[in-house]
Amino acid sequence: MKVSIDPELCYGSNDCAYRVPAVFTVSDGLGAVLPGQEGAGADPSVRDAAEKCPSQAIRIEG
Ligand code: SF4
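Okay, so let's go over this structure.

Rules and cut-offs
Residues numbered from 1 in each chain as written. Predicted model: local features only at pLDDT ≥ 70, side-chain atom pairs only at ≥ 80, totals over all residues. Heavy atoms only, no water. Salt bridge = Lys/Arg side-chain N within 4 Å of Asp/Glu carboxyl O. Helix = DSSP H or I, 4+ residues; strand = E, 2+ residues; numbered from the N terminus. Near = heavy atom within 4 Å. Nonpolar A, V, L, I, M, F, W, Y, C, P; charged D, E, K, R; others polar. Buried < 20%, exposed > 50% of the residue type's maximum accessible area, 1.4 Å probe, protein only. Arc of directions from axis to C-beta. Core = buried A, V, L, I, M, F, W, Y, C linked by side-chain atoms within 4.5 Å. Contact = heavy atoms within 4.5 Å.

## What about the pattern of salt bridges?
Side chains that differ in sign of charge can pair as their charged atoms come close. This model, assessed by the stated rule, comprises two salt bridges. Two residues, lysine 52 and aspartate 48, come together in a salt bridge whose shortest N-O distance is 3.1 Å. With a gap of four residues between them, lysine 52 and aspartate 48 both fall in helix α2 (residues 44–52), about one helical turn apart.

In structure tokens form, the structure reads like this:
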């Protein structure tokens, strides 16, 4: 499953990168999915990070 971050909603709180540093990072004040990790959406820790994102900016699709 594909994971992405909506830059219109993200405000760079860093929660996702703190919870799952193998998948998320924060760069220039915005959350980002690390290269090669775009397919990590089925990982339970990624789903948990998406649920807990304070702005609901993490999208999981597919
Ligand atoms: S937890 Fe949500 S708001 Fe915070 S950096 Fe990650 S995507 Fe952005």
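## Topic: the site of the ligand
Contacts to the ligand come from 13 residues, most closely from Cys10, Ser13, Cys16, Cys53 and Ser55. Taken together, the residues of the shell around the ligand sort by class into seven nonpolar, five polar and one charged.

## Brief notes about α2
Note that an α-helix has 3.6 residues per turn; residues three or four places apart therefore point the same way. Taken together, the buried positions of α2 are occupied by Val46, Ala49 and Ala50. The buried residues of α2 occupy one face: seen down the axis, they fall within an arc of 100°. Summarising the geometry of α2, the exposed residues directed more than 90 degrees from the buried face are Pro44 and Glu51.

## Notes on the environment of alanine 32
Note that alanine 32 resides in strand β3 (residues 30–33). Residue classification places alanine 32 among the partly exposed residues on the basis of a relative accessible area of 25%. In sequence terms alanine 32 and proline 7 are 25 residues apart; their C-alpha atoms lie 8.7 Å from each other.

## Notes on the nonpolar core
Grouped together as the largest cluster of nonpolar side chains are 16 residues, with contacts concentrated most on Ile5, Val23, Phe24, Val46 and Ile58. Going through the elements one at a time, β1 (2–5), α1 (15–19) and α2 are the ones with two or more residues in this core. Excluding residues within four positions of it along the chain, phenylalanine 24 makes contact with Val3, Ile5, Cys16, Ala17, Ala32, Val33, Leu34, Val46, Ala49 and Ile58.

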